[in-house]
Amino acid sequence: MPAISVSAPGKIILCGEHAVVYQQPAIAIPVQQVASTTKIFAHPTAPKGQVWVKADAIQVEGVLESLNENHPIRNAVELVKKLFSIDHLPACEIRITSTIPIASGLGSSASTAVSLISVLSEFIDHSLSTAEISELAYEVEKLHHGNPSGIDNAVIAYNRPVFFRRGEPLEFLEIASPLHLIIANTGIHASTIEAVTGVRGRWQNDLTKYNALFKKIGEISEQVRQYLSSGDVSHIGQLLSLNHSYLQEMGVSCPELDALVSESLNVGALGAKLSGGGLGGNMIALVNPGESSRINNALLHAGAKSTIEMTLPANREVKK
Ligand code: PMV
């Protein structure tokens, strides 16, 4: 029986992480070099309603009911069933694979939720809009990440660069000049919830300092949006580095991230910062295209466990 299959990309946050939890704007872009893929194979001869799940990367193999009730895969299936008032899925196997490193700020959990929800709706012949897929993935994220801003599910479901502010309509970005980026992994698994909880505690202890930092980061996102639409890449670089210094002040960087940021600037990057929750995971460097492979090698030499070179292409879409 042929499978149906849906893939969803990874993502990076270009600027605005953490501040975005506090209603400031942030910018995120999809990363096509990594992806989650969910396949569903119909099992017409299996017992009615039996759903077998296999996700090697997170050591899952068994019937859906064997997963903890709060497991994100089980949650996603239950949410789709509830939305369409379905008691049982037709017997099937759900197989999830992913090349997105987990706990690294590249959107692994949101991508899996998006690919799973999309393929499930196809499997049961009910269509979902991109907005609905994003919304359901947000529900899954909320159950597992406490108080996520919603930027991860949005950028991944729409698979477009987004300017995101909590509670406001999503804006798709106009990009006048391509951005050449290197994503470098410290190899340190970092918990977003731990980073977000840490910031919350420090914010509660020093509202003035943290509100000012969030506001300055929000202003960076506004400026980066302008420079993306005017194609002023070198100003974007400076703003990314400034954003990193504010994230350091917020206590979400770590020596390994700082070392990779410093190294990329030393060898000629236009700007660099951690990306995502921090405390490990990935950093990004904005580079001139002719210098990408040299800076990439320097980052690997400086201790990056893996890197991705990517180009965000220019577009001329009208702002929505
Ligand atoms: O999922 P991560 O590690 O890329 O981090 C998400 C970004 C935060 O702003 C730190 C949290 C959020 O919910 O937006």
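Residues numbered from 1 in each chain as written. Predicted model: local features only at pLDDT ≥ 70, side-chain atom pairs only at ≥ 80, totals over all residues. Heavy atoms only, no water.

A. Molecular detail of the nonpolar core. Counting 103 residues, the largest nonpolar core has Ile12, Leu14, Ile94, Ile117, Val224, Leu228 and Met283 as the members making the most contacts within it. Per-element tally for this core: the top contributor is helix H2 (residues 108–123), with eight residues. Among all residues touching Val224, those that are not within four sequence positions of it are Leu14, Cys15, Ile27, Ile236 and Leu239. (Core = buried A, V, L, I, M, F, W, Y, C linked by side-chain atoms within 4.5 Å. Buried < 20%, exposed > 50% of the residue type's maximum accessible area, 1.4 Å probe, protein only. Helix = DSSP H or I, 4+ residues; strand = E, 2+ residues; numbered from the N terminus. Contact = heavy atoms within 4.5 Å.)

B. Structural detail: helix H8 (residues 255–266). Here H8 contains 12 residues, and its C-alpha end-to-end distance of 16 Å stays within 8% of the 16 Å for a straight helix at 1.5 Å per residue. Where H8 is buried, its residues touch strand E8 (179–185), helix H7 (233–249), strand E9 (271–275), strand E10 (282–287) and helix H9 (292–301). Gly268 lies just past H8 and shows a positive phi near 105°. (Expected span 1.5 Å × (residues − 1).)

C. Broad picture of the site of the ligand. Near the ligand there are 15 residues, and of these Lys11, His18, Ser149, Thr192 and Gly277 occur at the shortest range. In this structure, His18 approaches the ligand through a main-chain N or O atom, which is 2.8 Å from an oxygen atom. Here Gly277 contributes a backbone N or O atom positioned 3.0 Å from an oxygen atom of the ligand. Burial of the ligand by the protein chains amounts to 92% of its free accessible area of 380 Å². If you list the elements that add at least two residues to the shell around the ligand, you get strand E1 (4–15), helix H4 (151–158) and helix H5 (192–205). Taken together, the residues of the shell around the ligand sort by class into six nonpolar, six polar and three charged. (Near = heavy atom within 4 Å. Polar contact = N/O pair within 3.5 Å; in protein donor to acceptor, adjacent residues only side chain to side chain. Areas by Shrake-Rupley, 256 points an atom, 1.4 Å probe, with all protein chains shown as cover. Nonpolar A, V, L, I, M, F, W, Y, C, P; charged D, E, K, R; others polar.)

D. Highlighting the packing of helix H1 (residues 72–83) against H2. At a closest axis distance of 10 Å, the pairing of H1 and H2 adopts a crossing angle of 35°. H2 is crossed by H1, and the crossing has right-handed handedness. Note on element contacts: H2 touches H1 through Leu116, Ile117 and Leu120, opposite Ile73, Ala76, Val77 and Val80. Considering only residue class, the contact of H1 with H2 consists of seven nonpolar, no polar and no charged. (Axes fitted to C-alpha atoms, helices over the stretch in contact; angles between N-to-C directions. Left-handed = near helix turned anticlockwise from the far one by under 90°.)

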